[in-house]
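Single-letter residue listing:
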Amino acid sequence: MPWPPTAMESPPKYHTSRKEKVTTRKVLHGILTRTGTAAVRQFLLWNLPPAPSGSLELSDVLISKKPLLSRLLHGTAGQPKALRPYQYKMLFPAMGEPDIGLWDIPTMYALIRYLCDVKPPHWIGWERFPDKNNTEPVHDVIRIRFLHRAMFSETHGRIPEEKLNSYWSCLKTVLERLANYYGKSFSDEVLFGIQSLSRPTSTVVSSTRSSVPFAPRRLQSRPQSAGAQSRTKGTAMSSVIGTPDLQTPGTLDAREHSSFLDLVRSGDTDFSVGQLDGAEGHFASALRVVHRRDDAVSLTQQAACLEKLGLVHLQRARGTRHPRDYKTAVALYNAAVARGKELPARELMNKLIQCLDMALKAVAVEMAGARTQGAIDKLTYSADLPHKRTVQSLRNYAMERMQYLESRYTYTVSSDQDPFRSLAEKQRGETVRILYRKMSDTIKRVVCSMVQECVTIQGKPPCPFAIVAFGSLAREEATPYTDLNLAVLLPESSEDSDHLSYFGKLVILLDLKMLNLGETVLSSIGIKTLNDAGSSNPLDDWFLDTVTKRGFCLGRWELSGREPVPITTPTRLAQFQIKESRCHPSDWTKVTLIEGEQALVDAYEGSLNSHLSRYSKFGNKIPVLANDKACEEILELSRRFGSPVIDTDNETMIHDVARELQFLPSRMVCVLGLYYGVTYKNPWSIVDELGRRGVLRPHDVHHLKVAASIGAEVRLRTQFAAGGKKDAVRSLSQVCGRELIFRFYFTISPLQDMLHKFAQDMVSRRRSGPRQLNLSRTALIDDSLRVRGNIHLKLLEYGAAEQSFSDMIHENVTDAGAMVDYGRTLLGIGNYTSAISFFDRALSMMELMYGEGLITPIAIRALYYSAVAASDLGDYAVCMAYLDKALKIAGTLYGKDAPHVDVAVIRQRLGEARGKTGDHFAAMSQFQTSLEIRKYLHRNEGNHPAISKLIIALGEALTNCQQHEKAAACYEEALRMRRTLHGVPESHPSVAGALNNLGASLQSSGESIRAIECHEEALRIYKQLYGERCDHRAIADTLTHLGVALFGDQQSVKAVRTHEEALEMKRRIFGEEAQQESIAETLGHLARTYKAMGDESKASEYTGQEYSMTRAVYGKAHGSNTFMTDDRSNSVSPDVEFDR
């Protein structure tokens, strides 16, 4: 067939002028660029060979071929110069991953020729226009390349009528033939492209701007859609929530509502012309305006943004066919459905469910290749409702059993060997054990059913496989709110590309079915426009899913990155767990089969045990590697929980008590099982085996099983009280009684002390080889006054703790530890002078006993508490001296630079003292070191209140160093953590404090509008907590700071009203005649505001009042020397701290 091709038919004769000819030619060029590029891209993706590792990721394939592509760029080693520099840069960008959506036809044509095996690279047909008898797809790709070259070369000149007819005829024939080859999805696009050429010129131009869901190549930054599904029967590719449905402002003010609507309209416009990245950015920005509100109108607005974002990702997925894009689309639709459920009208939710089913159908057909209607129906919202009902029934059953336990059995706070009490404890513990076994079995059946449905969708597996679970489900400790840690095991010789592709899609289908349960928070998906956790700017990780209750979902593995389930062989997984896993040993040494071949599970366990069971050359009976892992875990437990109640922060203490109650027994029992080589999986069986081996005495077996049962029971009660698996700090009284807590610590305290001493011995003696741990030397029950006093301190019951430690001192006046603990209780009630005297007595007593060394945990506690008392009395030099000495002892006792919780607490307090003395850079250094230690210790726990407090302290130090942007980023991160800890829209004073800190920092940076938003939200929380008409210092201070922000935004009238309201409230709180620094500060802000408004009389009046009160507070020297020259900026007082 000669070039150019012979005209077979003519395009429509609508053009009568040169202008209309150019327009029609441009449309023809646009259809070739969009649809032709999609055809070549699809051919490349279908024929691109996998990387040598078997990976089908585009970046991996390109890296494996980089030497060849480099030779094609430079024309070396006998290769032609087939790539241009701009093309090579697109294949290997300087930042990020290669983006196939940016590649043009010449680039992809070169890759098809030199990388794909369709024809040899030297085949002469690559440079010739194919004959009309050659109708293979590769020949049609060559035709598109020739058409593209011809159209591109003649874009700026006239195209004769004959040529235009020939191009049109050839293009139409090629696209129709490729449509039959690629299937229905591509056929829809071809049909639309051809129909667009059959319309009048005006219609064609309109279509290219508003209806075609594609953009020119230069506007794309990611691969675009391969099919115009908006014109496919039964799959409406348009939003079900239009702009008319969003006209009600709800809680938005006029400015916010206008901005919200503009963002939505801009997103709709971008989507209509195929600018998917632009549309995603606008919809995400619109969501950011409304996502922290919980009224019905705001939920509708959120659902609209999420549904539109889902539509964007679904359109993108139809171009890339990447499983992650499909998964993101389904997750967004599920988030929209979750908000629809909260609305009284069911019509909107039903429409959203229809959109979700449309996305799921696209996944089943386009990604998984489902061919029958029965297979497609397995992946719908309604298909997963039975699983959801099963999980809910399990929760109801578990809640009934918890109520039964509460009414039938009780714990006592006595250590007497009462046989009736022991029998009741045993029966209650056995009931908890049976309940957990039933929950684990039910969860495994649910997941197994989901896996079988996924296999039905995708077809018969290409090789044997096993889907296994680790963590709590393997230990039979899973709750109905658990997150699952799964893995797919394949035979050792089955990791080829076809197998990996099949099981990769299977994992995505399973993840989508878990998403349909509606208990996976959207922030865990990692959508970059919402939660870019990898960004250096914390503000990019801003979205907090406040509607979805986190519960039954898939967890995330280190081995698979962002994907939930790794696919590997038993040997490779065992090697990874031994050498690289940062999880607790209890999470990867226990495994259970969900679906598939038990032989693969046995192979994994065999490989794991072969590593753990290597004996030393001396023939030691304890396996060396298992012993080492167990000792590392014991050291980790010691570093994490540290000395008892050294921390003086109440919120952190309550949080840690809750963590200890829920997770400490299981971790301790599992690490003991690993140490002694016990292969049983659940804690109760491990304790029984330790008893049979004689490691534990019979009474200790009973006590340790009781502690394990209490931990399991409290964990379940906590999740029921929170309504899901949350990090929120709840009152312990909501989930368990005092008797249960005391009974728990009567056993855990002696075991914790034993392991803590064992860890200290490891650090101090630096022994090599197996360590000997003897559990039979200590009874695992201790209800002494010391243990009771420490429990009272953990529960913030200072009066009862004082009585316990006072009785200890009367019994033994030389007990230094009792004196330190007694001083700690005095410190808690504010009796600093008496507390310091007891600390000094304890230190003197220990110096007589141990000499000048004082290398004991008791000495660290005495020095730390002395520093706290000195700090509260304002003597920061003495405080820092105590802390430096305590830090030195901790380094000797725990190891230099050891990540120990005591070191983190001491450094945090030292940073606070440095800041009080004005050394803000030294304070910043101490906070950063403490923060690094805390993040390491709590790396597997999610958010922790101690981390958020450190971030706020670091932000204050940065503010004092005039680094306001970094400070604002710290406050934003702390606020996100606080919202996660305490829940939204639940009100908590620490959330309001974080908002005020952020607002103050933003105001210092000149961002008055955002500062106003923060202070207004903080004010709302405080009023919700304390009442609308309540006079409270926190409300008054927030009003003052809101007035400062309003003044910074040049809203002087509002600022005056706000400051006057704050002034009246402060005078009601302190008294009309009170002389207070806070009142003087408000008077000064009023004076400056009136002066800016031009009211010199009012300004002079308030200036005089501020002057008089400042002299009364600070003395004559302060007033005469500083006040008259005061030229302060419109910022808050640095002495006001919201989050302490």
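Quick caveat: nothing in here was measured; it's all calculated off a predicted structure. (Residues numbered from 1 in each chain as written. Predicted model: local features only at pLDDT ≥ 70, side-chain atom pairs only at ≥ 80, totals over all residues. Heavy atoms only, no water.)

### A word on the overall build of the protein
When you go through the protein residue by residue, the secondary structure sums to 43 helices and five strands. Looking at the protein as a whole, 57% of its 1140 residues are labelled buried. Residue pairs in contact within the protein that sit at least 24 positions apart in sequence constitute 70% of those at least 6 positions apart. A total accessible area of about 47,200 Å² is found for the protein, and carbon and sulfur atoms account for 50% of it. (Helix = DSSP H or I, 4+ residues; strand = E, 2+ residues; numbered from the N terminus. Buried < 20%, exposed > 50% of the residue type's maximum accessible area, 1.4 Å probe, protein only. Contact = heavy atoms within 4.5 Å. Areas by Shrake-Rupley, 256 points an atom, 1.4 Å probe, with all protein chains shown as cover.)

### Here we look at the environment of leucine 704
Note on placement: leucine 704 falls in helix 25 (residues 698-722). As a C-alpha pair, leucine 704 and proline 683 span 21 residues in sequence and 9.4 Å in three-dimensional space. Not counting chain neighbours up to four residues away, the residues in contact with leucine 704 comprise Val669, Val687, Leu696, Thr747, Leu751 and Leu780.

### Brief notes about the environment of serine 449
Relative to the helices and strands, serine 449 is located in helix 17 (residues 419-458). Judged by relative accessible area, which is 24%, serine 449 ranks as partly exposed. A sequence separation of 145 residues divides serine 449 from isoleucine 594, and the C-alpha atoms of the two residues are 9.5 Å apart.

### What about the pattern of salt bridges?
For the coordinates displayed, the defined rule picks out 38 salt bridges. A salt bridge links lysine 705 to aspartate 688; the nearest nitrogen and oxygen atoms lie 3.1 Å apart. Pair noted here: lysine 705 is in helix 25 and aspartate 688 is in helix 24 (residues 683-692), with a separation of 17 residues, a long-range link. (Salt bridge = Lys/Arg side-chain N within 4 Å of Asp/Glu carboxyl O.)

### Describing the packing of helix 19 (residues 570-579) against helix 21 (residues 598-612)
It is at 8 Å that the axes of helix 19 and helix 21 come closest, and there the two elements cross at 40 degrees. Between helix 19 and helix 21, the interaxial angle falls into the category oblique. Seen along the crossing, helix 19 lies across helix 21 with a hand that is right-handed. Residues Pro570, Thr571, Leu573, Ala574, Gln575, Gln577 and Ile578 of helix 19 form the contact with helix 21, whose participating residues are Leu600, Ala603, Tyr604, Ser607, Leu608, His611 and Leu612. Within the contact of helix 19 with helix 21, the residues separate by chemical class into nine nonpolar, five polar and no charged. (Axes fitted to C-alpha atoms, helices over the stretch in contact; angles between N-to-C directions. Parallel < 35°, antiparallel > 145°, perpendicular 65-115°, else oblique. Left-handed = near helix turned anticlockwise from the far one by under 90°. Nonpolar A, V, L, I, M, F, W, Y, C, P; charged D, E, K, R; others polar.)

### Let's talk about unusual backbone geometry
Of note in the backbone geometry, leucine 796 takes a positive phi value of approximately 65 degrees without being a glycine. Tracing the chain through its elements places leucine 796 in the loop between helix 27 (785-794) and helix 28 (798-811). The exposure class assigned to leucine 796 is partly exposed, which follows from its relative accessible area of 27%. Phi at glutamine 962 is positive, roughly 65 degrees, even though this residue is not glycine. Structurally, glutamine 962 is set in the loop between helix 35 (945-960) and helix 36 (964-982).

### What to know about a negative patch on the surface
Where like charges cluster on the molecular surface, the negative patch consists of Glu1061, Glu1064, Glu1072 and Glu1073. With respect to the element layout, glutamate 1064 can be found in helix 40 (residues 1052-1070). Taking the relative accessible area as the measure of exposure, glutamate 1064 reaches 47% and is therefore partly exposed. (Patch = residues over 30% accessible without salt bridge, like charges linked within 9 Å, V, L, I, M, F, W, Y side chains within 5 Å. Lys, Arg positive; Asp, Glu negative; His and termini not counted. Charge placed at Lys NZ, Arg CZ, Asp CG, Glu CD.)

### Some thoughts on the side chain of asparagine 334
Structurally, the position occupied by asparagine 334 is in helix 13 (residues 323-341). Leaving out residues up to four positions away in the same chain, asparagine 334 has contacts with Leu356, Leu515 and Asn516.

### Topic: the packing of helix 23 (residues 650-675) against helix 35
A pair of packed helices is characterised by two quantities: the angle between their axes and the separation of those axes. Packing of helix 23 against helix 35 brings their axes to within 9 Å, and their N-to-C directions diverge by 155 degrees. Of the possible angle classes, the one that applies to helix 23 and helix 35 is roughly antiparallel. Contacts between helix 23 and helix 35 pair Glu651, Thr652 and His655 from the former with Pro945, Ala946 and Lys949 from the latter.

### Section: the confidence of the model for the protein
For the protein, the average pLDDT comes to 78, and 79% of its residues sit at 70 or higher. Low pLDDT (under 50) marks residues 615-622, which in the prediction has twelve contacts with non-local residues, meaning those over four places away or in another chain. (pLDDT = per-residue confidence, 0-100.)

### Overview of the side chain of asparagine 682
Positionally, asparagine 682 belongs in the loop between helix 23 and helix 24. Its relative accessible area of 6% is what places asparagine 682 among the buried residues. In terms of polar contacts, asparagine 682 uses its side chain to reach the side chain of glutamate 476, at 3.3 Å. Among the polar contacts listed, one links the side chain of asparagine 682 to the backbone nitrogen of tryptophan 684, at a separation of 3.1 Å. Apart from the residues lying within four places of it in its own chain, the contact partners of asparagine 682 are Arg433, Arg475 and Glu476. (Polar contact = N/O pair within 3.5 Å; in protein donor to acceptor, adjacent residues only side chain to side chain.)

### Focus on the packing of aromatic side chains
In the structure shown here, the tally under the stated rule is 17 aromatic pairs. Taking the centre distance of 5.5 Å and the plane angle of 80 degrees together, the rings of phenylalanine 470 and tyrosine 604 count as edge-to-face. Taken together, the positions of phenylalanine 470 in strand 1 (residues 466-470) and tyrosine 604 in helix 21 put the pair 134 residues apart, joining distant regions of the chain. The exposure class assigned to phenylalanine 470 is buried, which follows from its relative accessible area of 2%. Geometrically, the ring pair formed by phenylalanine 742 and phenylalanine 746 is edge-to-face, given 6.2 Å between the ring centres and 75 degrees between the ring planes. With phenylalanine 742 and phenylalanine 746 both in helix 26 (residues 738-765), this residue pair falls four residues apart, about one helical turn. In terms of burial, phenylalanine 742 and phenylalanine 746 fall into one category: buried. One aromatic cluster is present, built from ring pairs that chain together Tyr109, Trp123 and Trp126. Across from the ring centre of tyrosine 109, 5.9 Å away, lies the NZ or CZ of arginine 145, which sits over that ring. (Phe/Tyr/Trp six-rings, centres within 6.5 Å; stacked < 30°, edge-to-face > 60°. Lys NZ or Arg CZ within 6 Å of the ring centre and 35° of its normal.)

### Remarks on helix 17
Taking 1.5 Å per residue, 40 residues should reach 58 Å; helix 17 reaches 58 Å between its end C-alpha atoms and fits that length. Just downstream of helix 17 lies glycine 459, where phi reads positive at about 105 degrees. (Expected span 1.5 Å × (residues − 1).)

### Structural notes on helix 32 (residues 876-894)
An ideal rise of 1.5 Å per residue puts 27 Å on 19 residues; helix 32 measures up with 26 Å between its terminal C-alpha atoms. Of the positions making up helix 32, those classed as buried are Cys879, Met880, Leu883, Ala886, Leu887, Ile889, Ala890, Leu893 and Tyr894. Positive phi appears at glycine 895, one or two residues downstream of helix 32, with a value of about 105 degrees.

### Details of the pairing of strand 1
Taking burial as the measure, the five residues of strand 1 include five buried ones, the bulk of the element. With burial as the criterion, each face of strand 1 is covered, one bearing Ala466, Val468 and Phe470 and the other bearing Ile467 and Ala469. Pairing geometry for strand 1 and strand 2 (residues 483-489), over five bridges, is antiparallel. Within strand 2, the position partnered with alanine 466 by the bridge is leucine 489. Here strand 1 pairs with strand 5 (residues 591-596) via five bridges, running antiparallel. Bridge pairing in strand 5 links alanine 469 to threonine 592. (Pairing = 2+ DSSP bridges.)

### Quick word on the environment of lysine 794
Position of lysine 794 relative to the elements: it lies in helix 27. C-alpha of lysine 794 to C-alpha of histidine 655: the two residues are 139 residues apart in sequence and 10.0 Å apart in space.

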